[in-house]
Amino acid sequence: MKTVIEVSRLTGVSVRTLHHYDAIGLLKPSEVTDAGYRLYDDTALERLQTILLFRELQFPLKEIKQIIDSPDFDRYDALDTQIKLLEIQRERLGKIISFAREIKEKGVMNMSFKAFDKSKIEEYSAQAREKWGNTQAYKEFEEKSAGKNDTQIKAESDGLMAIFARFGKVTDKAPESDAAQTLVAELQAFITEHYYTCTKEILAGLGQMYAAEGEMKQNIDSAGGIGTADFAASAIEVFCK
């Protein structure tokens, strides 16, 4: 655990900014001591890394919160998007630097403004926003999340992981078995009740995310044992067909 001052020193983010992130629900401390001191664990620091990368790409705080709180958000998938956006940004900055050097070296006015074109990065950024922040599922998720306290949110998360723990106990059976298919139906109902309407189309997409390398897969395998995420994904695929 690190104090807010230690996090500030480590990251270069001011204490005032960290307090603001807490106030708007963007980055809550992992724990608050009886004396009122904010403490941050490694999970919180990982979230802060994600926030800072999106800030580097000029995403507004409100949009960052929507993105990383989206039920479809996966940190490793987001890193791929962030890397692509940063590469586009680096390419654009390189062109601007070359443009400025040309003006300085030649001493002539270049009336071309092509180097300042931001259409490519804006298009890719829009795709990222559309992917995580503007879906009907997210809007429903936001509505259902309104007013929930940390205890309720944790209880729902624990309930979801409990289902995956039960998936882990039936991995010796076939994905199409009654036991596995019953758990898929339970998972779909749980997501619909607590997060958003989980159609078969959405469920199929979630199954693919569970099987992909990333934070979701790690969490599911932690709950049910290694291989649980892949098994659940296979059972979901059968169910959705």
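Enquirer: Kindly report on the packing of aromatic side chains, identifying the contributing residues and their values.
Expert: One pass over the full model with this rule turns up four aromatic pairs. Relative to Phe59, the ring of Phe54 lies with its centre 5.0 Å away and its plane at 55°, an arrangement referred to as tilted. For the pair formed by Phe54 and Phe59, the shared burial category is buried. Chaining the aromatic ring pairs together yields one cluster made of Phe164, Phe167 and Tyr210. Over the face of the ring belonging to Phe239 we find Lys200, whose NZ or CZ atom lies 5.2 Å from the ring centre.

Enquirer: Just give me the short version of the confidence of the model for the protein chain, but keep the residues and values in it.
Expert: Considering every residue of the protein chain, the mean pLDDT works out to 82; 85% of them sit at 70 or more. Confidence scores differ between elements of the protein chain, with helix α6 (residues 119–133) showing the lowest mean pLDDT of 58 and helix α12 (residues 228–240) the highest of 94.

Enquirer: Explain the side chain of His194 to me, and be specific about the residues and the numbers.
Expert: Within the secondary structure layout, His194 lies in helix α9 (residues 178–194). Side chain to side chain, His194 and Glu156 meet in a polar contact 3.4 Å long. When neighbours within four sequence positions are excluded, His194 is seen to be in contact with Lys144, Lys148 and Glu156.

Enquirer: Explain the nonpolar core residue by residue, including any values.
Expert: Counting residues in each nonpolar core, the largest one holds 27 residues, and the members touching the most others are Phe164, Phe167, Leu187, Ile191, Leu203 and Tyr210. Contributing elements (two or more residues each) for this core: α8 (150–168), α9, α10 (200–211), α11 (215–224) and α12. It is α12 that contributes the most residues to this core, seven residues altogether. Among the nonpolar cores identified, the runner-up in size contains 21 residues, and Leu27, Leu48, Ile68 and Ala78 belong to it.

What counts, and where the lines are drawn
Residues numbered from 1 in each chain as written. Predicted model: local features only at pLDDT ≥ 70, side-chain atom pairs only at ≥ 80, totals over all residues. Heavy atoms only, no water. Phe/Tyr/Trp six-rings, centres within 6.5 Å; stacked < 30°, edge-to-face > 60°. Buried < 20%, exposed > 50% of the residue type's maximum accessible area, 1.4 Å probe, protein only. Lys NZ or Arg CZ within 6 Å of the ring centre and 35° of its normal. pLDDT = per-residue confidence, 0-100. Helix = DSSP H or I, 4+ residues; strand = E, 2+ residues; numbered from the N terminus. Polar contact = N/O pair within 3.5 Å; in protein donor to acceptor, adjacent residues only side chain to side chain. Contact = heavy atoms within 4.5 Å. Core = buried A, V, L, I, M, F, W, Y, C linked by side-chain atoms within 4.5 Å.

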